[in-house]
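Chain by chain, the residues:
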Amino acid sequence: MKSLLIKNALLETGFTYENSRAVHTETELFDVLIQDGKITEVGKDIQFLDCEVLEANGKLLMPAFREMHIHVDKTYFGGPWKACKPITNGILTRIEEEQILLPAQLPFAQERAETMIKWLISQGHTHIRSHCNVDPQIGTKHIEITQEAFNQFEDQVTYEIVAFPQHGLLRSNVEPLIREAMRMGATLVGGLDPSVIDRDIDRSLNLTMDIAVESGKGIDMHIHDPNSLGAFEFYKLAELTKQANKVGQVTISHAIALGDLQGKELEELVAVLNEAKIDVTSTVPINRPTIPIPYLHENGVPVSLGHDSLTDHWSPFGTGDTVEKLSMLAQRFKFIDEYSLNRCWKYASGGIMPLSDTGERVWPQKGDLANVLLLDAVCSAQAIARQRPITHVISKGSLVYKNEDVLMKEGTK
Ligand SMILES: [Zn+2]
């Protein structure tokens, strides 16, 4: 692999304080040398002969994004415009719809998955976790399709595939299919609302954990059940996680109940999630109470972001634009000052940020993976608040995307 030298990239180096409050992000131009997919030097005026040179022209260098909840296997993205059908029977409306829709989409499902993966890479994601339907109509075909689609981008993105019983593990009786999907190489066991869908919380969760233990993998479960019902399921899942020695290997996607609880109830639940090291993924919904993302982070529960959909039979709205999502998160939690805007990036980058909480430059360091973005921005706070465009995406040390439109306007092409 050829080495890559990024010249004149803007790096965040610290904060300027006024009355002990960070009011400005300090930045400086650096060169960054990348070899064999890793950052090997960060300095001024690096000279290295045998390499490709990328002139950053003062663009801001930031850690790449991780898309932690998406369904690349069932999308309208890349196809003709189609709005969603009205909901007439709750979540079951969609499940019934899928019985006809997904077999009909099968001939072009891989092509659309590839279009979506390509788009997500252009939006700065170098890692994608995709949930993948395993249901009585589709069987494990979507697992194959998703693996094939990701194979086309092997040198550009790392990925995880969640075997997802969208029609219910018990309700649609797909236990053998999920076990088969895990043998085929799915990397996580999925799940969905053990109460509303499977109507048997204990059996549903026990079986999910049993499959995780058999396959030696973790779990990522959709739980939309609200309020105390969702909380009850979280308690059960945390208990099973500890019993099965899966601490640190379980994610709850959406975890909507966390947006409904307050005070002592929320505190107690967060402590239990913490003990089992269960993390949470959110789309930052604005059509219902958003889960308390900053509170969760401050209390030890990592939160990641995902788009879930970019336009499909569930929602016509997703964009795949994580700068926009971070901006939405900042707006939702009223982050308007330099410091709180600056601290948002971690939710989309697996926790990686250029500055520590106290303003020391901690990234990038020698040995870090070279998954980085360049943006047309003066600092990350501005990038988020003003939704500044990504100009380059570097994954595993190689340039995988260049935003020709933005660069052409600047005349730097
Ligand atoms: Zn989902």
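Residues numbered from 1 in each chain as written. Predicted model: local features only at pLDDT ≥ 70, side-chain atom pairs only at ≥ 80, totals over all residues. Heavy atoms only, no water.

It is worth spelling out the packing of helix α3 (residues 175–183) against helix α4 (residues 201–215) at this point. Contact geometry for α3 and α4: axes closest at 10 Å, N-to-C directions at 30°. Relative to α4, the element α3 lies roughly parallel. The crossing of α3 and α4 is right-handed. Between α3 and α4, the residues in contact are E175, I178, R179 and M182 and L207, D210, I211, E214 and S215, respectively. Its residues assigned to classes, the contact of α3 with α4 comprises four nonpolar, one polar and four charged. (Axes fitted to C-alpha atoms, helices over the stretch in contact; angles between N-to-C directions. Helix = DSSP H or I, 4+ residues; strand = E, 2+ residues; numbered from the N terminus. Parallel < 35°, antiparallel > 145°, perpendicular 65-115°, else oblique. Left-handed = near helix turned anticlockwise from the far one by under 90°. Contact = heavy atoms within 4.5 Å. Nonpolar A, V, L, I, M, F, W, Y, C, P; charged D, E, K, R; others polar.)

Turning to the pairing of strand β10 (residues 218–222), a few remarks are in order. Counting buried residues in β10 gives five out of five residues, a clear majority hidden from the surface. Both faces of β10 are covered, namely the face carrying G218, D220 and H222 and the face carrying I219 and M221. With α4 bridging strand β9 (residues 188–192) and its parallel neighbour β10, the resulting β-α-β unit is right-handed. In this sheet, strand β11 (residues 250–253) lies alongside β10 in parallel orientation, the contact comprising four bridges. Residue H222 lies in a different strand from β11, and its bridge partner there is S253. What joins β10 to β11 is helix α5 (residues 227–243), and the crossover it makes is right-handed. (Buried < 20%, exposed > 50% of the residue type's maximum accessible area, 1.4 Å probe, protein only. Right-handed = clockwise from strand over helix to strand, strands pointing away. Pairing = 2+ DSSP bridges.)

This next bit is on the sheet that holds β9. Read from one edge of the open sheet, eight strands run β6-β7-β8-β9-β10-β11-β12-β13, paired in parallel fashion. Among the strands making up the open sheet, the edge pair consists of β6 (65–70) and β13 (303–305). For this sheet, the mean angle separating the axes of adjacent strands, direction not counted, is 25°. Here strand β7 (residues 125–133) runs beside strand β8 (residues 158–164); their pairing, made up of seven bridges, is parallel. Each bridged residue has a counterpart across the sheet, and for S130 the counterpart in β8 is I161. Its contacts with the sheet put α3 on β8 and β9, and the angle it makes with β8 is roughly 165°.

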